[in-house]
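Observations on the three-dimensional arrangement
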Amino acid sequence: MTTIKHILQREVFLPTDERLLGVVSVTKAGKKKKTSFLSIAVTTEKPVQVKIYQLKKSEKGETYKRKQTWELRELKTVDGKDAKNDTAEFDLQFEKTYKWVASHPRERDTFLSSLWKLCQRYLKRGPVFVNVPDYIREDSLGVTDVRPHGVEDTIAAVVDEDYQAITEKEEKDLETLMKQCEHAISNAEAFAEQLSKDLSVLDGANIHSIMGSEDQVVQLMKLLDDGVRETTKLETKLNRYDELLASVKEQMESMRDKDTLIHIQNKNHQSLIDELENLIGRLNLDHKHEKALLDGDLSTPSGIYESTEAAEELQKCMAAEIHPALMKMQAVQEQQKRFGKYRVAFAKRLSHHLNNLFIHQGNEMSETLSRHATDLKLPPHHSCHRDLTPYAELMMWLKEADPQSFQQLAKVYTNNLSRLYDKEVKDFFELAKQRFLHAKTVDKKHGGLTVPSHRFEGSGSSLDRAMETSPRGRTASLQSLDSADSKGSSQDLTRGKFDQVFEKILCELEPFCLAEQDFCVKFFHLTLDPHSDDLESMLEDQTSKHEDTHSVHSHSSQHDDDDIWVMRPQNKAKSLAERMMGELFPSLESELLNFITFGDKLDSFNSMYMLVRMSQHVIHAQDAGSFLSKVFANVLVNIKRNFDRFILHRIKAVEEYRISKKNKCGVVMFVHHFEDFAHQAEAIFQGSDRRADLDKAYSKLIRTVFEQLLRISTDHPKTPKDVVLMENYHHLYATLSQLKISCLEKERKDARQRYQEHLQAYVTTYLGRPLEKLNTFFEGIESKVASGVKEDEVGYQLAYSKQELRKVIKEYPGKEVKKNLEHLRKKVEKHLCEEENLFQVVWHSMQDEFLKQYKHFEHLIAKCYPASNITLEFSVEDILQFFTDIAQA
């Protein structure tokens, strides 16, 4: 315990100029064994203060810290629990009772003894000690009971013990002594024995010295007795002074406590004054603001400014943060009621004024609507917005102060203007339809001879007009429209006009709707979150559940709408701005859809123009996160469906195509139509972000064209299958090479390969006929060799003897070969069409194949009939000349 005491003195009390007089290791009674230390310490400076501390180790376990502190004068009762038997328990009662258990009964007794002595010394009225052994209080009560051995020494040590380190002089003397003894460190027992001997010698010398000075000793003893008597007198006086000062100390402590209370009282008074001044400042509304709220002019800019400022000040006063206790004050409640009356009166006056203003604005704009009736342009409403904008901050105040009046005003605004906007939008679309029909009529009168320059150029085709029936019954075949090819220029002009009108509509709608939305957001302080309905979220196959009665189910059972950028309003709540814009423009989306249907009925080819145009505007409107962007996106879904339907009907027309069997086949009509479609589509979709849709359409169309070419080639009675496929694949290859469509690169290579395969097949099939007997003879030789007959033994076979070979060769002299080649030329010319101009290509391929056969025949003669000097009756030069003469003829 002495070690702990020194550690606590050094770490805890020495920095605060306190001296530790008593310490005991304790735990709380009835709880887990969490050890702490109760200690008693006094200050080294006057006035002396005695305190009791509870000390605990820090969380890291490295240092000790004070957990609780009590003044000694706060101690009321000390309960030792048992005065007769040894126990480690004791209680200390301050403002409440603390129950402790010491680590050992002796440590408890030592601590209580120190506590008793300090109470007797520093307190006039100390605490009550109960159930404590008598020997703890014997110093004051004179009790002579027998106490446990060593307790007296321990008690004295607790109060007077003070560790003192040796001085420097003592340290040097100790070092000198240890140096004089060689074995001071190596042999401690010998060193101790040497010190004992030296001490005995010194004691003897001291005794002889004392005996020699006996008189001086007697005199010294007398002086000591006198000193004891004087000390006793002095101690008596000091005890008297202590008794006198004890009452003064209590009075001084009482005065100190009263002074502290006075300071606290003054501080509280000042805080109360500050709080009241702050409260009055927050609840004070200037007289000019009161006047503006009650009688301010809401029709002039200055009046609007003053009313706005007054409304904001009123809102600050009503929204001031006031402590709930202060809210119970009658003055505060009366002021709040007064503010409430101001708010109700001003809200009513403001609502009435704005209500009349909205109605007036609606009537005024209706009168100006007729001025724009002849122009394909939506009337601007900038003046209306400009007149209402100064009231925006007042609307913000009204939204917070009186939400019901605010909502009623918003309803009046939407109801009053929605009828106007509805009429403007319907008249606008009706005028657009009339303009287009008028332009179409004028173009028909001029015969379509003048075509203005337009970036969407392309030639018309009968397949385009095959799709121009209504969406409910587009089943016309290609043959029924072949006669309309001469009208391509007029149709191109009509499509260009429609594209211009459609672009004009979209360009007019954007500023018209965005301006109104921007005004509504600012004026009504609505939230407009461009990410609330993410336009970039992909449509999860919205139209896959829609059964298209016009689609061709053999190709697709659903539309490819999975890549259209649209929002999913069913998943998220619409913003207030979007809902309000929907009420202002109730017929915008339906009118736009009607115009889409109108354009699609005029010419289903218009769906491509509309798809590209609308996609551009959806992306542009998306940047603003606008209501219009969502309307455009919904309409874009419908346009995409029309485009898919358009492609499906083109596919169906290809599948239903029936070719004429009276003439040779040539390039099939739907191959021409695919070429025309590709040229038109490439011009329309150039630079568009809808390229993926066109690529999908290309893939479906070209796949159908390839499939139907096989059907046509098989069904045609006059043109060989290889010729039909060769010419059409050649045409497709040339078209795809010219257009350089990246998504059809595979099909382009496939067309080239198929063209070459069928060219070779046709050449191989028809080239063997001019030398039919010769071909048959050498095929027989090859079969013999393949069956195991040696090549030089073939001539010994009766059917393939040299005589038989010479007989067959004589049947094909040069003139006969040329005659057969001329006959072959006529067949080739009969099979091939003039449009593709493939005769020279086919004839050159036949020449190469004929030369290949010729060399093969010579090789077989040399191998099977060695040294027979048998040769064909025409040479390579003859063959080249034959083919050249026939080709030039």
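Residues numbered from 1 in each chain as written. Predicted model: local features only at pLDDT ≥ 70, side-chain atom pairs only at ≥ 80, totals over all residues. Heavy atoms only, no water.

So, on to the overall build of the protein. A count of helical and extended segments in the protein gives 28 helices and eight strands. Put simply, the protein has 889 residues, and 44% of those count as buried. Taking contacts inside the protein between residues at least 6 apart in sequence as the whole, the part at least 24 apart equals 73%. (Helix = DSSP H or I, 4+ residues; strand = E, 2+ residues; numbered from the N terminus. Buried < 20%, exposed > 50% of the residue type's maximum accessible area, 1.4 Å probe, protein only. Contact = heavy atoms within 4.5 Å.)

A word on the nonpolar core. By size, the foremost hydrophobic cluster in this structure holds 170 residues, and its most contacted members are Phe524 and Met846. For this core, the element with the most residues is helix α13 (residues 403–445), which contributes 14 residues. Residue contacts for Met846: discarding those within four places in its chain leaves Tyr762, Val763, Tyr766, Leu767, Leu824, Val828 and Phe883. Membership of the second largest hydrophobic core comes to 30 residues, among which are Leu21, Phe94, Leu115 and Val132. (Core = buried A, V, L, I, M, F, W, Y, C linked by side-chain atoms within 4.5 Å.)

Looking at the secondary structure, you find Thr43 in strand β2 (residues 36–43). A relative accessible area of 19% means that Thr43 is categorised as buried. Within the structure, Thr43 has its side chain in polar contact with the backbone nitrogen of Gln49 (distance 3.0 Å). Residues within four places of Thr43 in sequence aside, it is in contact with Asp17, Glu18, Val48 and Gln49. (Polar contact = N/O pair within 3.5 Å; in protein donor to acceptor, adjacent residues only side chain to side chain.)

We now examine the pairing of β2. Among the eight residues of β2, eight are classified as buried, and the element is accordingly described as predominantly covered. Side-chain alternation along β2 places Ser36, Leu38, Ile40 and Val42 on one buried face and Phe37, Ser39, Ala41 and Thr43 on a second face that is also buried. Note that strand β1 (residues 18–28) and β2 share eight bridges and pair antiparallel. Looking at β2, one finds that Arg19 is bridged to Val42. Note: β2 against strand β3 (residues 50–57), six bridges, orientation antiparallel. Directly across from Val42, in β3, lies its bridge partner Val50. (Pairing = 2+ DSSP bridges.)

What follows is about the packing of aromatic side chains. Each aromatic ring pair is specified by the distance between its two centres and by the angle formed by the two planes. Applying the stated criterion to the full structure yields 41 aromatic pairs. Aromatic side chains Phe346 and Trp397 sit 5.1 Å apart centroid to centroid with 65 degrees between the ring planes, which places their arrangement in the edge-to-face category. Taken together, the positions of Phe346 in helix α10 (residues 330–368) and Trp397 in helix α12 (residues 392–401) put the pair 51 residues apart, joining distant regions of the chain. When its relative accessible area of 0% is taken as the criterion, Phe346 is described as buried. For Trp397, a relative accessible area of 4% translates into the label buried. Consider the rings of Phe595 and Phe598, whose centres lie 5.6 Å apart with planes at 40 degrees: the pair is tilted. (Phe/Tyr/Trp six-rings, centres within 6.5 Å; stacked < 30°, edge-to-face > 60°.)

Before going further, it helps to spend a moment on the packing of helix α27 (residues 839–864) against helix α28 (residues 876–888). At a minimum axis separation of 11 Å, α27 and α28 run at an interaxial angle of 165 degrees. As the angle between them shows, α27 and α28 are arranged roughly antiparallel. In terms of crossing hand, the pair formed by α27 and α28 is right-handed. Two secondary-structure elements touch here, α27 through Gln840, Trp843, Met846, Gln847, Phe850, Leu851 and Tyr854 and α28 through Val876, Ile879, Leu880, Phe883, Ile886 and Ala887. The residue inventory of the contact of α27 with α28, partitioned by class, reads eleven nonpolar, two polar and no charged. (Axes fitted to C-alpha atoms, helices over the stretch in contact; angles between N-to-C directions. Parallel < 35°, antiparallel > 145°, perpendicular 65-115°, else oblique. Left-handed = near helix turned anticlockwise from the far one by under 90°. Nonpolar A, V, L, I, M, F, W, Y, C, P; charged D, E, K, R; others polar.)

With that settled, consider the pattern of salt bridges. In this structure the tally under the stated criterion is 25 salt bridges. Between Lys640 and Asp644 there is a salt bridge, and its shortest N-O distance comes to 3.0 Å. Residue Lys640 and its partner Asp644 are located together in helix α19 (residues 627–655), separated by four residues, close to a single helical turn. By relative accessible area, which is 1% here, Lys640 ends up buried. A relative accessible area of 8% means that Asp644 is categorised as buried. Between Lys652 and Glu656 there is a salt bridge, and its shortest N-O distance comes to 4.0 Å. Judged by its relative accessible area of 24%, Lys652 falls in the partly exposed class. By relative accessible area, Glu656 is classed as partly exposed at 30%. Taken together, the shared-partner salt bridges in this structure form one network comprising Lys640, Asp644, Arg690 and Asp693. (Salt bridge = Lys/Arg side-chain N within 4 Å of Asp/Glu carboxyl O.)

Relative to the assigned elements, Val101 resides in strand β7 (residues 97–102). For the pair Val101 and Ser25, spaced 76 residues apart in the sequence, the C-alpha separation amounts to 8.4 Å. Once you skip the residues sitting within four places of it in the chain, Val101 turns out to touch Ser25, Val26, Thr27, Ala29, Ala88 and Glu89.

To continue, consider the pairing of strand β6 (residues 89–93). When strand β5 (residues 77–79) meets β6, the two strands line up antiparallel, connected through three bridges. By the bridge assignment, Val78 is partnered in β6 with Leu92. Of the pairings in the sheet, the one linking β6 to β7 comprises five bridges and is antiparallel in character. Paired with Glu89 across the bridge in β7 is Val101. Between β6 and β7, which pair antiparallel one after the other, the connecting turn spans three residues.

Chain-level statistics for the protein give a pLDDT mean of 77 and a share of 82% at 70 or above. Across the protein, β5 holds the top mean pLDDT of 93, while helix α14 (residues 462–466) sits lowest at 32. Note on residues 140–163: pLDDT is under 50 here. Beyond four places in sequence and across chains, it has 32 contacts. (pLDDT = per-residue confidence, 0-100.)

Another point: the packing of α19 against helix α21 (residues 691–715). Interhelical geometry of α19 versus α21 gives an angle of 10 degrees and a closest axis separation of 9 Å. It follows from the interaxial angle that α19 and α21 lie roughly parallel. Mapping the contact onto sequence places Lys640, Phe643, Ile647, Arg650, Ile651, Val654 and Glu655 in α19 and Asp693, Leu694, Ala697, Lys700, Leu701, Thr704, Val705, Gln708 and Arg711 in α21. Taken together, the residues that form the contact of α19 with α21 break down as eight nonpolar, two polar and six charged.

Here we come to unusual backbone geometry. The backbone phi angle of His525 is positive, close to 55 degrees, even though this residue is not glycine. Structurally, His525 can be placed in the loop between α15 (488–524) and α16 (576–584). Backbone geometry places Lys740, a non-glycine residue, at a positive phi of 55 degrees. When you line up the elements, Lys740 lands in the loop between α22 (721–739) and α23 (745–767). According to the relative accessible area criterion, Lys740 is exposed, its value standing at 71%.

This paragraph deals with the environment of Val723. Among the structural elements, Val723 can be located in helix α22. Residue class for Val723 comes out buried when judged on its relative accessible area of 0%. In contact with Val723, other than residues within four places in its own chain, are Tyr762, His831 and Leu832.

Attention now goes to the sheet that holds β6. Hydrogen bonds between backbone atoms are what pair the strands of a sheet, whose relative direction is either parallel or antiparallel. One open sheet accounts for eight strands, arranged β4-β3-β2-β1-β7-β6-β5-β8; its pairing is mixed. This sheet does not close on itself; its edge strands, each paired only once, are β4 (64–71) and β8 (128–130). Within the sheet, the average angular offset between the axes of one strand and its neighbour, ignoring direction, is 30 degrees. Here seven bridges tie β3 to β4, and the two strands are oriented antiparallel to one another. For Gln54, the partnering residue across the bridge sits in β4 and is Gln68. Across the sheet, helix α1 (residues 2–13) lies against β1, β2, β3 and β4, angled at about 115 degrees from β1, the strand it touches most.

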